[in-house]
Amino acid sequence: MAGIMDKILMDSGSMNRTPYMVCGMYKGYYVTVHMNQGFLIRINYKLAENMDLNSFKNRAYGVLNQLRVTEKKVTQTNVGDYVIEVKLMPANLAKNTTPMIDSVTNHLIGFLQTEGAGTGCQMCGAEYDVSSYDVNGAPHFLCSTCARQSLNQLEAERQSKSSVKSNLPLGIIGALIGSLPGVALWAIIFQAHWIAGVAGMVIFLGAMKGYEMLGKNVDRKGVVVCALITVIMIFLANDFALRLSLVLSDDMTFAEVNRKWSKIMKYGNNKAIYIENLVIGYFLSAIGLVGTIKQSFKSAGGSYTMKKM
């Protein structure tokens, strides 16, 4: 997917490009596209002083609702005071993702042009002294004043997070409970003869949420615990999914499957299939989880990066 960033929004403007983000002035508007569990398109706008913001937002949401109907991959939309945002998942075929992103972006810009909107800082709308910033790996167009405010806020959050420690025993309990929906999802997907890395992501995110709810805060040791629990729960999910498939397909009870499990594993190539499914499951989960765990670890400690692009 990283190669998509070299292909999108090529017909106008000078864009800064990395493997995971694109940002720049595109057809007269500050535009950013960030790849993170999908694609987030953000377009900065600035209304003329005589325009009513609320009525504009109503029209903008009307356009976005129509977009949801025509483009099924759109998952989230938002109209802020100075930005319009659309989040969408990749197309079923990789070659169709680039035209999809271009089409959505140009559709929104066409609407803004019809409204006579300009562009500016995404936080205050200022049209001057605006630069692109990489904030924790995501692109933002900010004026110098808002950039300083953002930096001060990030530092305050870092100090706040570093001073709060989690309750480890309760956090572990919460993480175990929170991971269970992901285990269930893994088992359901498995019955359709699929192994999906998204279930591993759900296990980790659920563990993080559970740890936070009972442990009161996800610090760095909490992220490590959730990552370890995810490794364990993926193993248990694969094991449970296979046992469940035997119950559903061979008219056996769980008690019978558990009692005969060692014999089942020795029969034919069942053990090889079991190990193969587990390895594939870990591999697919790791593709999405490595970056997420890394970013979660940084965020848990309050670490941040902010630099001008």
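Everything here concerns the structure above.
Residues numbered from 1 in each chain as written. Predicted model: local features only at pLDDT ≥ 70, side-chain atom pairs only at ≥ 80, totals over all residues. Heavy atoms only, no water.

> Let's hear about the overall build of the protein: which residues, and what values?
Across its full length, the protein holds nine helices and nine strands. Here the C-alpha coordinates of the protein stretch approximately 75 × 45 × 35 Å along the principal axes. Taking all 309 residues of the protein together, the buried fraction comes to 45%. Taking as baseline every contact in the protein between residues at least 6 positions apart, the subset at least 24 positions apart corresponds to 60%. Summed over its atoms, the accessible surface of the protein is roughly 16,200 Å², and 60% of this surface lies on carbon and sulfur atoms. (Helix = DSSP H or I, 4+ residues; strand = E, 2+ residues; numbered from the N terminus. Buried < 20%, exposed > 50% of the residue type's maximum accessible area, 1.4 Å probe, protein only. Contact = heavy atoms within 4.5 Å. Areas by Shrake-Rupley, 256 points an atom, 1.4 Å probe, with all protein chains shown as cover.)

> For the packing of helix 5 (residues 197–215) against helix 6 (residues 220–250), give the residues involved together with the corresponding values.
Viewed as axis vectors pointing N to C, helix 5 and helix 6 meet at an angle of 135°, and their least axial separation amounts to 9 Å. Considered as vectors, helix 5 and helix 6 are oriented oblique to each other. Pair helix 5 / helix 6 crosses with right-handed handedness. Where helix 5 abuts helix 6, its residues G200, I203, F204, A207, M208 and Y211 lie against K221, G222, V223, V225, C226, A227, T230, M233, I234 and A237. Of the residues in the contact of helix 5 with helix 6, the class split is twelve nonpolar, three polar and one charged. (Axes fitted to C-alpha atoms, helices over the stretch in contact; angles between N-to-C directions. Parallel < 35°, antiparallel > 145°, perpendicular 65-115°, else oblique. Left-handed = near helix turned anticlockwise from the far one by under 90°. Nonpolar A, V, L, I, M, F, W, Y, C, P; charged D, E, K, R; others polar.)

> Which residues make up the packing of helix 4 (residues 168–191) against helix 6, and what values do they have?
Interaxial distance between helix 4 and helix 6 falls to 7 Å at its minimum, and their mutual angle equals 35°. Considering how the two elements wind past one another, helix 4 and helix 6 form a crossing that is right-handed. The residue inventory of the contact of helix 4 with helix 6, partitioned by class, reads 20 nonpolar, four polar and one charged.

> Explain the packing of aromatic side chains to me, and be specific about the residues and the numbers.
For the coordinates displayed, the defined rule picks out five aromatic pairs. Through a chain of ring-to-ring contacts, the aromatic side chains of Y45, F56 and F111 assemble into a single cluster. (Phe/Tyr/Trp six-rings, centres within 6.5 Å; stacked < 30°, edge-to-face > 60°.)

> How would you summarise a positive patch on the surface if you had to cite specific residues and measurements?
Together, R259, K260, K263, K266 and K271 make up a region of like positive charge exposed at the surface. Of note, K271 is situated in helix 9 (residues 270–300). Take K271: its relative accessible area is 51%, and that puts it in the exposed class. (Patch = residues over 30% accessible without salt bridge, like charges linked within 9 Å, V, L, I, M, F, W, Y side chains within 5 Å. Salt bridge = Lys/Arg side-chain N within 4 Å of Asp/Glu carboxyl O. Lys, Arg positive; Asp, Glu negative; His and termini not counted. Charge placed at Lys NZ, Arg CZ, Asp CG, Glu CD.)

> I'd like a rundown of the environment of F240, residues and numbers included.
Among the structural elements, F240 can be located in helix 6. In the structure, F240 is positioned 73 residues away from N167 in sequence and 30 Å away in space, judged by C-alpha atoms. With residues up to four places along the chain from it excluded, the contact list for F240 reads A187 and F254.

> I'd like a description of the side chain of R243, backed by residues and values.
Relative to the elements of secondary structure, R243 occurs in helix 6. Of the residues examined, R243 reaches a relative accessible area of 17% and is grouped as buried. If we skip the residues at most four places from it in the chain, R243 touches F254, V257, N258 and W261.

> So, the sheet that holds strand 4 (residues 39–44): which residues are in play, and what are the values?
Taken together, six strands build an open sheet; the order of strands is 1-2-3-4-6-5 and the sheet is antiparallel. Where the open sheet ends on each side, the last strands, each with one partner, are strand 1 (14–18) and strand 5 (74–79). Within this sheet the neighbouring strands show an average axis-to-axis angle of 10°, counted without direction. Where helix 1 (residues 53–70) meets the sheet, its contacts fall on strand 5 and strand 6 (83–88), and the angle it forms with strand 5 comes to roughly 175°. (Pairing = 2+ DSSP bridges.)

> I'd love a proper account of the pairing of strand 3 (residues 29–35), names of residues and values included.
The element strand 3 is largely enclosed, with a buried count of seven among its seven residues. The two faces of strand 3 match: Y29, V31, V33 and M35 on one face and Y30, T32 and H34 on the other face are all buried. Judged from the six bridges that link them, strand 2 (residues 21–26) and strand 3 form a sheet pairing that is antiparallel. Along strand 3, the bridge assignment pairs G24 with V31. Linking strand 2 to strand 3, which pair antiparallel, is a turn of two residues; within it K27 sits at a positive phi near 55°.

> Give a description of the environment of L244 that names residues and reports values.
Note on placement: L244 falls in helix 6. Measuring from C-alpha to C-alpha, the distance between L244 and F254 comes to 7.5 Å, with ten residues separating the pair along the chain. When near neighbours in sequence (up to four residues on either side) are disregarded, L244 contacts A187, Q191 and F254.

> Any chance you could break down the pairing of strand 1 for me, citing the residues and the numbers?
Both strand 1 and strand 2 contribute to a ladder of five bridges, which runs antiparallel. For R17, the partnering residue across the bridge sits in strand 2 and is V22. The antiparallel pairing of strand 1 with strand 2 creates a hairpin that spans two residues between the two strands.

> For the sheet that holds strand 9 (residues 306–308), give the residues involved together with the corresponding values.
Judged by pairing direction, the sheet is antiparallel, and its three strands sit side by side in the order 8-7-9 without closing on themselves. The open sheet terminates on both sides in strands that have one partner only, identified here as strand 8 (138–143) and strand 9. Within the sheet, the average angular offset between the axes of one strand and its neighbour, ignoring direction, is 35°. Two strands pair when backbone bridges link them, and strand 7 (residues 130–135) and strand 8 are joined in this way by six bridges, in the antiparallel orientation. Bridge assignment links Y133 to a residue of strand 8, and that residue is H140.

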